[in-house]
Amino acid sequence: MSPTACLTVLMFALAMAVAGSASASPPSATRDSRGAVPPEAGGAMSRSVVQAPAQGAQVGGPAFGFAYTPPASPGLKAIYKRVRDADLWRQVPELQAIDGMFALPRPLRFVTAECGEFGAFYHPEDTEVVLCYETLRTLYERGQAHQKALGLGDDHPLHYVRANVRFIVLHETGHALVDLLDLPVTGRQEDAVDQLATILMLRFAGLDETPDEVVGNLRLAANWMLSDSTGAYDLAAYADEHALGEQRYFNLQCLIYGTDPEGFAGMVKANQLTAARAAGCAREMRSASRAWVRLLVPYLAPGYEAYGVEAARYLQRSG
Ligand SMILES: [Zn+2]
């Protein structure tokens with residue numbers, strides 16, 4: 001196949017994958033209604049086992065700080081007011097779940113701000129995760145386009161923003177944990193923290209969220225990774241510290257599939273994942289989960305010992 005024809009096929013497959021990533025709801029018959037995924041199915045951790053320490057107890061590491069910085073640009077003020085009034089940081093269940101969980105050497109702050117560019121960042125010098133208002137605006141626009149393309153309901157753009165904010169913020173939190181806890185990472189850190197974001201969303205989603213909703217949010221995060229997909233890249237893209245958007249997309253699809261290969265068999269049929277990659281996804285998911293659990297458990301703060309017990313059981317079971 002010529003490079004052009006090959007590219008056309010890839011782009012078509014990607015377009016189909018994007019279309020499918022919101023409309024193809026994963027089968028629920030084989031899934032555990034109590035947790036995100038049956039722990040024995042794909043090696044991911046269940047999210048229903050352990051409760052956080054009792055409130056008021058003298059436990060936990062340094063608490064996260066949350067702030068909303070007013071933007072200078074008039075065009076971003078409405079977004080600022082909206083996230084401040086909604087207290088966006090406290091609406092990220094995974095962040096609330098891990099707040100205080102780790103014995104960090106100093107407190108980590110989460111800030112929304114005008115950045116002058118699209119993005120989200122971890123700034124080690126300030127121990128700060130910054131989510132840009134520009135990102136929220138772009139995510140909303142992308143959510144609107146996704147809604148239009150698939151004929152989804154009016155609430156979809158906001159749903160799209162929420163799902164992606166969770167993934168993006170947890171990705172940056174991963175960078176922060178690597179820095180603050182001096183965690184070893186071999187290979188690309190960007191890939192490693194994508195894996196952590198996925199694992200945290202599977203393990204610490206809100207308990208009022210169904211397994212299908214949890215996976216649905218991850219699939220919207222996968223969709224976002226294709227937002228700059230052109231199929232044609234320059235040297236800067238190949239040399240970038242991030243994998244190409246298409247590769248991040250398939251990595252995430254693989255982790256999702258790996259939680260329950262039987263339940264997600266439709267992803268392969270719908271060309272959302274190749275059969276060749278899918279064959280190893282349960283192992284990839286298990287390997288990533290085990291690695292992150294082993295890296296983080298030594299840093300559990302006092303009062304969170306129950307998570308250590310859960311982790312030990314998990315490592316034994318999935319080994
Ligand atoms: Zn990153």
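Every value quoted in this text rests on a predicted model; they were computed, and no experiment measured them.

J.: Tell me about the overall build of the protein, and name the residues and values.
T.: Broken down by element type, the protein carries 14 helices and four strands. Within the protein, the fraction of its 319 residues that count as buried is 37%. Here the contacts in the protein between residues at least 6 apart in sequence split such that 67% fall between residues at least 24 apart.

J.: Outline the pairing of strand β2 (residues 109-113), listing residues and values.
T.: Here β2 shows one buried face, formed by F110 and T112, and one open face, formed by R109, V111 and A113. As judged from the four bridges shared by strand β1 (residues 65-68) and β2, these two strands associate in the parallel manner. Directly across from Y68, in β2, lies its bridge partner T112. Of the strand pairs in this sheet, β2 and strand β4 (residues 128-132) are connected by five bridges, and their pairing is parallel. Across the sheet, the residue bridging to V111 is V130, located in β4.

J.: Quick one: what's the story with unusual backbone geometry, residue by residue and with numbers?
T.: For D87, which is not a glycine, the phi torsion comes out positive at approximately 50°. Here D87 shows up in the loop between α3 (77-86) and α4 (93-98).

J.: An account of the pairing of β4 is requested, with residue identities and associated values reported.
T.: Within β4, four of the five residues are buried, which leaves the element mostly enclosed by the surrounding structure. Note that strand β3 (residues 120-123) and β4 share four bridges and pair antiparallel. Residue Y122 lies in a different strand from β4, and its bridge partner there is V129. In sequence, β3 turns back onto β4 through a hairpin of four residues, with T127 there showing a positive phi of about 50°.

J.: Any chance you could break down helix α8 (residues 211-225) for me, citing the residues and the numbers?
T.: Taking 1.5 Å per residue, 15 residues should reach 21 Å; α8 reaches 22 Å between its end C-alpha atoms and fits that length. For α8, the buried fraction is high: twelve of the 15 residues fall into the buried class. Along α8, the residues classified as buried are P211, V214, V215, N217, L218, R219, L220, A221, A222, N223, W224 and M225.

J.: An account of the packing of α3 against helix α5 (residues 133-150) is needed here, citing residue identities and associated values.
T.: Closest axis-to-axis distance for the α3/α5 pair is 10 Å, and the angle between their directions is 95°. Classed by the angle they form, the pair α3 and α5 counts as roughly perpendicular. Taking contact as the criterion, the partners of I79, Y80 and V83 in α3 are, on α5, Y133, L136 and R137. Class assignment for the residues of the contact of α3 with α5 results in five nonpolar, no polar and one charged.

J.: So what's going on with the sheet that holds β4? Residues and values would help.
T.: Read from one edge of the open sheet, four strands run β1-β2-β4-β3, paired in mixed fashion. Looking at the sheet topology across the chains shown, the edges are occupied by β1 and β3. Sheet twist, expressed as the average angle between the axes of neighbouring strands with direction ignored, equals 15°. Helix-sheet contacts for α5 involve β2, β3 and β4, and the interaxial angle to β4 is about 45°. Sheet strands touched by helix α6 (residues 156-180): β3 and β4. Its angle to β3, the strand with the most contacts, is close to 20°.

J.: How would you summarise the packing of α6 against helix α7 (residues 189-204) if you had to cite specific residues and measurements?
T.: The angle between the axes and the distance between the axes are what describe a pair of packed helices. Relative to each other, α6 and α7 sit at 120°, their axes nearing to 8 Å. On the basis of the axis angle, α6 is oblique to α7. Where α6 crosses over α7, the two elements pack in a sense that is right-handed. On α7, the residues touching R166, F167, L170, H171, G174, H175 and V178 of α6 are Q189, A192, V193, D194, L196, A197, L200 and M201.

J.: Explain helix α10 (residues 245-259) to me, and be specific about the residues and the numbers.
T.: Over its 15 residues, α10 extends 22 Å from the first C-alpha to the last, a length consistent with the 21 Å expected when each residue adds 1.5 Å. Among the 15 residues of α10, twelve are classified as buried, and the element is accordingly described as predominantly covered. Three or more residues of α10 are buried, namely E246, Y249, F250, N251, L252, Q253, C254, L255, I256, Y257, G258 and T259.

Calculation rules
- Starting afresh in each chain, residues are numbered from 1 along the sequence in its written order.
- Given that the model is predicted, a residue must reach a pLDDT of at least 70 before its local features are reported, and side-chain atom pairs must reach 80 or more before they are shown or counted; all residues, however, enter totals for whole chains, interfaces and linings.
- Here a helix means four or more residues in a row that DSSP labels H or I, a strand means two or more in a row labelled E, and each is numbered from the N terminus.
- Three exposure classes are used. Buried residues have 20 or more other C-beta atoms within 10 Å of their own C-beta, exposed residues have 12 or fewer, and partly exposed residues fall in between, all C-beta atoms being placed from the backbone.
- In this description, any two residues whose backbone-derived C-beta atoms lie within 7 Å of each other are considered to be in contact.
- Whether two strands pair depends on DSSP finding at least two bridges between them.
- Helix span, as expected, comes to 1.5 Å for every residue beyond the first.
- For every element, the axis is a line fit to its C-alpha atoms; helices are fit only across the contacting stretch, and the angle between N-to-C directions ranges from 0 to 180 degrees.
- By the definition adopted for this analysis, an angle is roughly parallel if under 35 degrees, roughly antiparallel if over 145, roughly perpendicular if from 65 to 115, and oblique otherwise.
- Each residue receives one of three labels: charged for Asp, Glu, Lys and Arg, nonpolar for Ala, Val, Leu, Ile, Met, Phe, Trp, Tyr, Cys and Pro, and polar for the others, Gly being one of them.
- Helix crossings get a hand from a simple test, with the near helix turned counterclockwise from the far one by less than a right angle marking a left-handed crossing and a clockwise turn marking a right-handed one.

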